[in-house]
Structures are given as C-alpha cells and as structure tokens.
Amino acid sequence: MSHITYGSGPHRAVLLHGWFGDAQCFKPMLQGIDPDRFACAIPDFRGYGSAKGSTGPFNMATVAADAIAVCDSLGWAQFSVVGHSMGGKAALRTATLAPDRVQRICAITPVWAGKAPLDADTLEFFRSAAEHLDARQAIINTSTGGRLPSYWSKSVATFSMTTCSARAFAGYFESWALDDFDREAAALTTETLVVTGGHDLGIPEQFVRETWLKRLSNARLTVLPESGHYPMDECPLILAGTVSAFLDPS
C-alpha cells in the first residue's frame, strides 16, 4: 500500500482518506501537526493516487488490512487511526481487525459501520457519480451546506476523477454505503473521538449521535461549527488542533 510519512514523534497514527480524495487530502491539516510529537502514515487506497493502477479489491476490509500492513512495515506495534468520511468506516474496520493494536480512533465527518440510510433514488444518484462530474460536484456542494464557492466544489470533483479510477470509485461506494459490521464495531471499547461539521448535510450531528455515540461505549463528539464535510480544507488548523489534543492529551 503506497503511503506518505510525516513526522517522527512517539504518537503514531495512520490516516485514511475519504471517497473524493487521496493521501494528499490531509496536507492542509499537517501544517498544524507537530512532527516531533506525531508520526503519521497516510496511504493511498487501492485505485487512488499512487495506487491508481491497482486491481483492488476496493472495499473497507481491504483498506483496513492494507492500513495494518503499512503499520507492520513501519514496525508499529500500536497506533491510532484517523479516518475521514468513508475513511472513518475503514478506521472502525481496522480497529475490529486489530483491537489490541489500535489505541485511539479519530473519525472526521465519518460514515458509520452499518448500512448508510440512503433511499433507492439517492443510491442510484451516488452510483452515477462514478461516471459523472456534475453528480460529484452536487454531492460535495450539499455536504458542505451549499455555502462554498462552486469553483472549489468543482475542483474537488474534478480532482477526484483524476486521482481515482471510476471502477475503484464505484466499488468503494458499494462498500462504504452497504457493508454492515455494526455489531463488530459496537463491541469496540477503543477511545474514540468523532468530529462533525456544523454545515455537513451529508453526515449531520444527529446521525452521528444515533450511530457512533449510541453504539460505541467509549466515544465522544466534537462539532466544528464553521465547517462542513471537509474540515481538512475548510478549517485545517482548527482540525489539526482538535486531532492533536485527542491523540496526545498530555
């Protein structure tokens, strides 16, 4: 699994990107992450970025297994997992596969471990995004509250079509939307922070409360009122401070 490394500190974390990004999506946030406190590994999922040519499989279980393999390659016996959007679901999957190794979970505007509550029409619209730029832009615009420049949402959508193969994009949607390992995730006792955006209409606060906070015994919530679904872009330094304080509360 191709990955970027950042920092050499004692607090180790693997960062898992979302549906529309790749490993580079965390770059704005890294401006506020102290490299002497943290060591980060940021992989490209199969089908994305430097791994765009991969044949898959394109699902959460593979992302999780690959994330663990990256940590193995770095000699990390224990580590935390930070995941954005579908990467949040992959973070949970990682913790279910290696519960004794994952120290903390930080989920940023995350999908839950169960099936996403999408009706048939919405499922088909999301599926159309694999081939259609306009659908991708509309999803991004909605999930940020329709308040950001259309130039930005189109740029994110266009980049996603460049960095990820359509086949991988489609495969990951089926996995993050329809995979269901709710019971396995609910058994986790790992300390978890869920970060939501006040303007996120895709993963609203109430959804997080009814899933992550209700199903996990050791989870808490932080809401970033100035952000939508992409706090790494919308308020990167505030997000960096939030993540840093959780991963290293000392």
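You'll find the structure just up there.
Since the structure is predicted, the reported quantities are computational estimates derived from the model, not experimental observations. (Residues numbered from 1 in each chain as written. Predicted model: local features only at pLDDT ≥ 70, side-chain atom pairs only at ≥ 80, totals over all residues. Heavy atoms only, no water.)

## Some remarks on the side chain of Ser-165
The test is simple: Think of it this way: any DSSP run of H or I at least four residues long counts as a helix, any run of E at least two long counts as a strand, and we number them from the N terminus. Identification of polar contacts relies on pairs of N or O atoms within 3.5 Å, with a donor-acceptor requirement for protein atoms, meaning one able to donate a hydrogen and the other able to accept it, and with residues adjacent in sequence counted only if both atoms are side-chain atoms. A contact between two residues is defined here by any heavy atoms of the two lying within 4.5 Å.
Tracing the backbone through its elements, the reader meets Ser-165 in the loop between helix H6 (150-163) and helix H7 (166-178). Separated by 3.1 Å, the side chain of Ser-165 and the backbone nitrogen of Ala-168 make a polar contact. Those residues within four positions of Ser-165 in sequence are excluded, and the remaining contacts are Gly-47 and Lys-52.

## Some remarks on the pairing of strand S3 (residues 38-43)
Which entries qualify depends on this criterion: Each residue is assigned to one of three classes by its accessible area relative to the maximum for its type, calculated with a 1.4 Å probe on protein chains only: buried under 20%, partly exposed between the two thresholds, exposed over 50%. A pair of strands is labelled paired if DSSP reports no fewer than 2 bridges between them.
The element S3 is largely enclosed, with a buried count of six among its six residues. The alternating pattern of S3 places Phe-38, Cys-40 and Ile-42 on one face and Ala-39, Ala-41 and Pro-43 on the opposite face, and all of these are buried. Bridging between strand S1 (residues 3-6) and S3 involves four bridges; their strand directions are antiparallel. Paired with Thr-5 across the bridge in S3 is Ala-41. As defined by bridge partners, strand S2 (residues 11-16) adjoins S3 across four bridges and the pair is classed as parallel. Along S3, the bridge assignment pairs Arg-12 with Ala-39.

## Re the pattern of salt bridges
Selection rule: Salt bridge, as used here: a side-chain nitrogen of Lys or Arg that lies within 4 Å of a carboxyl oxygen of Asp or Glu.
Counted by the stated rule, this structure contains 11 salt bridges. Notably, a salt bridge pairs Arg-37 with Asp-248, separated by 3.0 Å at the nearest N-O pair. You can see Arg-37 sitting in the loop between helix H1 (27-30) and S3 and its partner Asp-248 sitting in the segment after helix H11 (236-247), a full 211 residues away along the chain. We note a salt bridge from Glu-184 to Arg-93, for which the minimum N-O separation is 3.0 Å. Taken as a pair, Glu-184 in helix H8 (residues 182-186) and Arg-93 in helix H3 (residues 86-97) lie far apart in primary sequence, 91 residues in all. Because the salt bridges share partners, they merge into one network encompassing Arg-104, Glu-191 and Arg-220.

All quantities given are derived from atomic positions and should not be read as evidence of function.
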